[in-house]
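The primary structure of each chain is shown beneath.
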Amino acid sequence: MPFNSPLPSPMAISKPAQSSSIFKKRSSNSVGSLPASAASYLSALSQADASARKRSSGASATSTPALSLSSSITSSSEDTVLHEADYLDDPHLASNKDGLLLPSRPPTSEQVFTTVHTEFGHCAEEKYRTTSQHKLGTPLAPHVTQDPPYYILLSTYISYLILIVLGHVRDFVGKRLSPASYKHLMPRDSGWRPQLYMPHLRPSPSGYAPLNSDFDSFYTRRLKTRMDECFSQPVTGVAGRTILLLDRMSPDFNHTQLLTGGKTRALNISSYNYLGFAQGRGGCADMVEESIKRYGISSLASRLEGGSTDLHTISEALVAKFVGMEDALISSMGFATNSTIIPALVGKGCLVISDEFNHASIRFGTRISGAHVRMFKHNDMESLESLLKEVISQGQPKTHRPWKKILVIVEGLYSMEGTLVNLPVVVELKKKYKFYLYVDEAHSIGALGPHGRGVADYFAIDPKSIDILMGTFTKSFGAAGGYIAGSKTIIDRLRVHGHTGPYAEAMTPPVLTQVVASMASIMGIKFPTEAPSSRLTSATHMIEEEYHHPGPIPASALPSWINLPPALASGSEGSSRLRRLAFNSRYLHNGLIKLGFITYGHPSSPIVPLLLFNPGKMNMFHRLMKDRQTPIIVVVVAYPATPLVTSRVRFCVSAAHTKEDVDTVLKACDEIGDVLDLKHGLPKKERWSIEEIMSKAVQLGTSA
Amino acid sequence: MNSSNPTLAPLFSFLEYTLTTAQTTFDKLPGSAVILRYVKSSHQNDPGRTLLELILVIFAIRTLLQSRTRADRTGKHFIQFSEKEIDELVDEWTPEPLAQPLPTTEAADLAAVPVIAGANGVKPKLLSTGKTATNLASFNFANLQGNEHIKQRAIETLRKYGLGSCGPPGFYGTLDVHMDLENDIADFLGTEAAILYSQGFSTVSSVIPAFCKRGDIIVADRAVNFAIQKGIQISRSTVRWFDHNDLKSLEDVLISVEKERKKRRGPLTRRFIVTEGIFQKDGAMVDLPKLIELKYKYKYRLILDESYSFGSVGRTGRGLTEVYNVPASKVDMLLGSCAIGLSAAGGFCAGSRNVVDHQRINGPSFVFSASMPALLAVSASEGINILRNTPSIFETLQENVRAARAILDRVECITIPSHPASPVIHIYVKQQYPGLLSPVPMSASLSASSTSSKQHHSLHSAKDVARESARAAEYLVEERLLQEVVDETLAQGVIVTRAKRLPGQEIVEPRPSIRLALTSGLTRKETERAVTVLKGVLVKVLGKRR
């Protein structure tokens, strides 16, 4: 029954001690033969324990070198350029050959950087900053999806056709010539012989249906496997400005991936680290350490069954204040926030109107809610309005009874498209059609708006005009989990009737602390002693703004032990991060357009998709970017996450990137774009050269 | 006539010209001669056929051009309205409020949830009173919470990895520490591989739809936990329920499914048995060897949710497989929770390499969710290390369980459905009128017919309706009594909790209960003292009722 690969697993290679585990041996010896008896199983367990003990006690330093860095914590806290002692052991990583380790310009004496350059890039140039804000009174420019030339479309379709035909031919031939490799796709008997274990049982002739049908898995086996190199790359260390890849190779056409043991540092333009709070050093990490000492690792139960701590209460109040709502609740997983809360809001007799590109978690949630679902064309407000007219006038299907309630679910920033929801129009429609509005700000919270408060802040719309704001902490805050914010009535109801309240584990204290610390440093902290001055600044803020903005958070609203360094506490670093992100997003987006690429999405969005179309180019693009002298890692996405023809690269810009990092990406794209014939956007005459783009960065990065 | 001729002449010549050009172009097309010949001959033989074919062509073109999304508008239920009527209807429509305010009892319960100041653990401090209390409510079986070694390792990990992973596993969110933890779990349990999810609760509701598709058969225990119910619901498979923890009933269902399949002669579909190790709802324990025997006999795959038995029972906390000496590899999908069993976060599914790899692409909450923070993964790995090296933990825990049960089993006014060895102990109010409250019989008669979740709610006769409402009323009374017990016990310095539920959303309304979770962090004396407090309150509050 077990699938026995002739090669050891990639995980086994990464940790040689594991492969000698007796379980692996046993399972390879006992294919289809007598199963381990109960007694031998127990003795096997204790043997496994013994070997694990030996591993952990005897050779902890050698078996897990990646984690033995206690020395580095004390030795190099001053050094903000190079800090991780074990990288110094590796000459390849310690050399600045890839240009990632050292800032391109040495800092002047008055510049003091508190971040580690590889985690959060050093950039003191005030000109590389801009504000993420929608120009008031102007409508959101409609999103035009540029079409590639016909030959590209045609070759894309032909590529898929060839892949599919080849795949079927290989399946057909393979099933006949080497049935062993297709065993998992065929109905079969268990391979386990009950008559040996329990003599009174006879094996019955009918077997098990295959675990996954070969039709369902065709795409995975025959298309995705070809580019498995681009996916699930194991990494280590902080997912900051750079990331350490664990090198791997596949000896058998991507069926198995083996770790070679080497590491490569690469420029990370893939992680959702929008504000650069993924850091192992700095004020936030210090606070997390403090919280581990104070609170331990876990909160031990669900919120309603004894897992509530004061830290939860404080964090929820803080989140509510941050997003500008009355109350908020926190859930320990981003996906589960949608999938377990939506069913508590709507049910039978309700209608959910959902954007066609909404995230899987929203679809999961609506599906288990039992509500009726209708979709509208992505971000198309006319389609939404005509759908609203139709559903309200028609009522429920067949019975024509009026809907109990209609919930429109949109995302603030769409993760594959980089488009912004047309919130001003949606809010207008809401007034007329009386639906409830649920905005999923998974990607936009922290990443958009002059104060980082998401898409409502970006459009200067009062968040209270939205019923439910949902968001995650995984992205901008460098933490995990998600939140739901709304009126107190709604949130209290969700606390009791949402699935997470009684059943799901509460968020752990270290994660909560990261949320509190990063959020407070975006907001800025108002200390009671300097109250008059800060009130003054908040007053001037209020004049500039359209809606009442909460301003800095009073220190009393935070746990008493939170003690952030001045740059973070004043909010100056937070605001600088927001402005850096806004600049980097626009610079990369506009730079790619000027180079002649087809991109999707809004220039303010930190998600920048670059269209590749041909499936074969995905692999190539990924490899060419990774194999450069300054390796760059990218995310390539294709069907089913996108429509079949529009395979793309998705860049996720971060505040941690310096202008030079974006230059590096643009340069790489420029060269690879020529090689792979990707420039189908602007006509040749209107394109800019890479030098021109780099020199006019300020213009590109600050224009809308 | 004459006057019209000159005006029509250019038209005729134009028509003739167009016709000839059309004909020459048509002739130039490859294969046109064949079509022409075919049309000519078929028309000669049967002129009616030309008309028929023409209609067919027009119909085909119409079908192709027809928009597929607008099907609703032309459906027979669609009513045409004028713009004005639509506007009026829109004006008229008033939706229900998005959320009704909580009823007073629920609001009071929410307010009564104890909030802990500082670290949770065996003796946490309460925010309301500032006093410490003995904690019998939170899952801390092996007392890994607060372990200094784990904390130290977590801090080291924080310094190396930061906190969040900032990406889903597919896109640079797979850290080496995740792979290590997966290996550790697989090695600990003795399976080929394991996969890590970032929330324990979402694990099973993602694992089930990854494997079970429409048309597959799931045979599940009637009292499975809520996450399993949701997983089954989203999988759209055919569900058959068997009576709670009754393997005889399971076998009956398996036989009836087999009979039906033979009758229908349908294709071989995937079949799964879904159940729990220690049930979340009442702490009962499943007879694993018997279950395994049935699964092999009837060729089912077993999805076993060990969320509450992993890290809580067995010599070293490996769960049910260790209790019953069954190799874990015999369970096809073995699920557990690192949040509950290891005091860290997340959940896992262990099984064969095929099973695990399949989920890496098809498990919705694995694929679409960010991976777990590194320091939580390391904490879980360290937890496993501690479990496998210190069997004394579970000796202490079992001693505490025995001590607690020795006290509770003698209390008159309660019943305990939990297994004697289970550190999760549920307490029911003893029924005053046993006949009335015996679990609603939904056994053989219902399970023989196809019992989808919907049919569960449809009750057959007026008698059933009456029984149902009497049951609901009785449950409400019990719930209030138990809440009173919880509040009173808390006032006396012991934290216990009512098992919180989602009324109206569960398939079978669970009976109200108080849930205890014992820990090895308390000594036997301390456990006895705390349980005695609970016993005193139980007797006082429930005795009052008589």
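Per an unreviewed UniProt entry, chain B goes by the name serine C-palmitoyltransferase and belongs to Agrocybe pediades. For chain B, the Sequence similarities (unreviewed entry) comment in UniProt is given as "Belongs to the class-II pyridoxal-phosphate-dependent aminotransferase family." The Cofactor (unreviewed entry) comment attached to chain B in UniProt states, word for word, "pyridoxal 5'-phosphate".

The name recorded for chain A in an unreviewed UniProt entry is serine C-palmitoyltransferase, from Agrocybe pediades. As stated in UniProt under Sequence similarities (unreviewed entry), the record for chain A gives "Belongs to the class-II pyridoxal-phosphate-dependent aminotransferase family." For the record of chain A, the UniProt heading Catalytic activity (unreviewed entry) holds the text "L-serine + hexadecanoyl-CoA + H(+) = 3-oxosphinganine + CO2 + CoA".

Attention shifts here to the overall build of chain B. Regarding its fold elements, chain B presents 24 helices and 15 strands. Taken over 546 residues, chain B has a buried fraction of 48%. Of the contacts made within chain B by residues no fewer than 6 positions apart, 71% connect residues no fewer than 24 positions apart.

Moving on: the sheet that holds strand β11 (residues 414-415) of chain B. Spatially, the four strands line up as an open sheet ordered β11-β12-β15-β14 (chain B), and their pairing is antiparallel. Whereas interior strands pair on both sides, the edge strands pair on one side only; in this sheet they are β11 and β14 (497-498) of chain B.

In this section: the interface of chain B and chain A. Taken together, the contact pairs 114 residues of chain B with 131 residues of chain A. The leading source of residues in the side of chain B that touches chain A is helix α7 (residues 148-161) of chain B, at ten residues. Taken together, the residues of the side of chain B that touches chain A sort by class into 56 nonpolar, 36 polar and 22 charged.

Residues and elements named next belong to chain A. The predicted model of chain A averages 82 in pLDDT, with 81% of residues at 70 or higher. Mean pLDDT values for the elements of chain A range from 36 in helix α6 (residues 70-75) up to 96 in strand β8 (residues 436-440). Here residues 58-79 is a poorly scored stretch, pLDDT under 50, and it has 24 contacts once near neighbours within four places are set aside; other chains count. Within the model, pLDDT remains below 50 along residues 530-546, and this stretch shows eleven contacts once partners closer than five positions in the same chain are excluded.

What follows deals with the sheet that holds strand β13 (residues 607-613) of chain A. Backbone-to-backbone hydrogen bonds pair the strands of a sheet. The strands run either parallel or antiparallel. Residues and elements named next belong to chain A. Taking strand neighbours across the sheet as the criterion, the three strands line up as β13-β16-β15 in an open arrangement whose pairing is antiparallel. Unpaired on one side and paired on the other, β13 and β15 (635-637) mark the two borders of the sheet. Taken over all neighbouring pairs, the strand axes of this sheet differ in orientation by 30° on average, direction set aside. Of the strand pairs in this sheet, β13 and strand β16 (residues 647-652) are connected by six bridges, and their pairing is antiparallel. Directly across from L610, in β16, lies its bridge partner V649.

A word on the domain arrangement of chain B. Residue and element names in this part refer to chain B. Here the domain parsing of chain B yields domain 1 (104-144 + 392-545) and domain 2 (148-389). Taking the mean C-alpha position of each, domain 1 and domain 2 sit 25 Å from one another. Taken together, the contact pairs 29 residues of domain 1 with 36 residues of domain 2. Those elements giving two or more residues to the side of domain 1 that touches domain 2 turn out to be α19 (392-408), β12 (424-429) and α21 (444-448). Of the residues assigned to the side of domain 1 that touches domain 2, the class counts are 17 nonpolar, eleven polar and one charged.

With that settled, the discussion passes to the pairing of strand β6 (residues 372-376) of chain A. All names here are of chain A. With five bridges joining them, strand β5 (residues 351-355) and β6 adopt parallel strand pairing. Looking at β6, one finds that I353 is bridged to R374. A crossover connection joins β5 to the parallel β6 through helix α15 (residues 360-369); in handedness this β-α-β unit is right-handed.

Cut-off values and rules
Residues numbered from 1 in each chain as written. Chains lettered and ligands numbered in written order. Predicted model: local features only at pLDDT ≥ 70, side-chain atom pairs only at ≥ 80, totals over all residues. UniProt positions renumbered as here; feature names shortened; annotations may be inferred. Helix = DSSP H or I, 4+ residues; strand = E, 2+ residues; numbered from the N terminus. Buried ≥ 20, exposed ≤ 12 C-beta atoms within 10 Å, placed from the backbone. Contact = placed C-beta atoms within 7 Å. Pairing = 2+ DSSP bridges. Nonpolar A, V, L, I, M, F, W, Y, C, P; charged D, E, K, R; others polar. pLDDT = per-residue confidence, 0-100. Axes fitted to C-alpha atoms, helices over the stretch in contact; angles between N-to-C directions. Domains from an automatic or database assignment. Right-handed = clockwise from strand over helix to strand, strands pointing away.

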